[in-house]
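Breakdown of the fold
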Amino acid sequence: STLRKIEIDDHITATEEEKRAYFDSNPGQFLYSATTTLWEILLPDEETAKTAVRRLEEGEDPEVLIAEYYTRAVHEEVRGQIHLTRDSAAHYSGLLDYTRDVAAGEIGGPLKVPEGYSVFKIISQEPARPKPFGAASQKRAGAYVQIEKAKRGYVAYVKELRDKYDVEVYASNVPPLIKDSKLDTSLVTSLSN
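Small disclaimer: the values here were computed from a predicted structure and weren't measured.

Moving on to the overall build of the protein chain. In terms of helices and strands, the protein chain carries eight helices and eight strands. Overall size of the protein chain, expressed as C-alpha extent along the three principal axes, is 80 × 45 × 25 Å. The buried share among the 193 residues of the protein chain stands at 30%. For the protein chain, contacts bridging at least 24 residues in sequence account for 65% of all contacts bridging at least 6. A total of about 12700 Å² of accessible surface is found on the protein chain, and carbon and sulfur atoms cover 53% of it.

Now the structure itself:
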């Protein structure tokens with residue numbers, strides 16, 4: 001690892017052109033998260049939750065139910081309104097996966113969550129959208145370029161060492177040396193003796 005760092009990693013840079021080329025070639029890696037915005041009401045039991053679903057279906061305002069019952073207080077700007085993204089999903093135990101296929105205006109639940117039963121009404125579904133090639137995207141693209149260069153550089157470096165020192169690899173010995181995707185050093189020592 002130290003030799004790789006000294007001989008390869010410390011010498012790798014990414015030019016502005018390489019960063020831009022990577023950014024342009026990999027648009028899927030530079031997106032703002034898809035966002036689901038919803039009203040959520042948390043209820044103590046399944047029967048109460050089913051009643052809340054019925055009330056929502058009959059046209060009752062979600063804010064009335066939120067005031068009457070409970071909602072989460074995590075990262076809320078408006079009580080009971082949640083903006084779900086892949087980054088905020090951890091705060092809402094499985095809610096993002098459940099809401100992905102629910103259209104705006106539809107009601108979902110009851111869904112069992114650690115806090116009780118979740119009932120929600122989708123306000124909007126916004127798809128992922130591209131990020132601009134700003135400072136953060138440039139830094140990220142540069143890191144990807146450097147990782148790719150390091151991989152190629154390491155392979156070339158090892159090949160150069162094999163050629164320089166006339167190393168021969170016995171392919172039949174390689175599978176027994178690997179155990180659980182890692183090199184079994186006890187076998188390496190016994191084979192070299």
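For the rest of this paragraph, the subject is unusual backbone geometry. The omega torsion across Gly109 and Pro110 is 0°, close enough to zero to call that bond cis. Structurally, Pro110 is set in strand S4 (residues 107-113).

Attention shifts here to the pairing of strand S2 (residues 35-43). Most of S2 sits inside the fold, with nine of its nine residues counted as buried. What you see with S2 is no split at all: Thr35, Thr37, Trp39, Ile41 and Leu43 on one side and Thr36, Leu38, Glu40 and Leu42 on the other are buried throughout. The sheet contact formed by S2 and strand S5 (residues 116-126) spans nine bridges and is antiparallel. Looking across to S5, one finds that Glu40 is bridged to Phe120. Looking at chain direction, S2 and strand S3 (residues 81-84) are connected through four bridges and run antiparallel. Residue pairing across strands places Thr37 opposite His83, the latter belonging to S3.

To continue, consider the confidence of the model for the protein chain. For the protein chain, the average pLDDT comes to 88, and 94% of its residues sit at 70 or higher. Of all helices and strands in the protein chain, the one with the weakest mean pLDDT is helix H8 (residues 185-192) (58), whereas helix H3 (residues 46-57) scores best (97).

The next thing to look at is a nonpolar patch on the surface. Residues Tyr165, Val167, Val169, Val174, Ile178 and Leu183 make up a contiguous nonpolar surface patch of about 570 Å² in total accessible area. Here Leu183 shows up in strand S8 (residues 182-183). Since its relative accessible area comes to 53%, Leu183 is described here as exposed.

Taken as a whole and assessed by the stated rule, the structure comprises 14 salt bridges. Between Arg20 and Asp24 there is a salt bridge; the shortest N-O distance is 3.2 Å. Here the residue Arg20 and the residue Asp24 both occupy positions in helix H2 (residues 16-25), the gap between them amounting to four residues, near one helical turn. Through salt bridges with shared partners, one network takes in Glu40, Arg72 and Glu115.

Conventions and cut-offs
Residues numbered from 1 in each chain as written. Predicted model: local features only at pLDDT ≥ 70, side-chain atom pairs only at ≥ 80, totals over all residues. Heavy atoms only, no water. Helix = DSSP H or I, 4+ residues; strand = E, 2+ residues; numbered from the N terminus. Buried < 20%, exposed > 50% of the residue type's maximum accessible area, 1.4 Å probe, protein only. Contact = heavy atoms within 4.5 Å. Areas by Shrake-Rupley, 256 points an atom, 1.4 Å probe, with all protein chains shown as cover. Pairing = 2+ DSSP bridges. pLDDT = per-residue confidence, 0-100. Patch = residues over 30% accessible without salt bridge, like charges linked within 9 Å, V, L, I, M, F, W, Y side chains within 5 Å. Salt bridge = Lys/Arg side-chain N within 4 Å of Asp/Glu carboxyl O.

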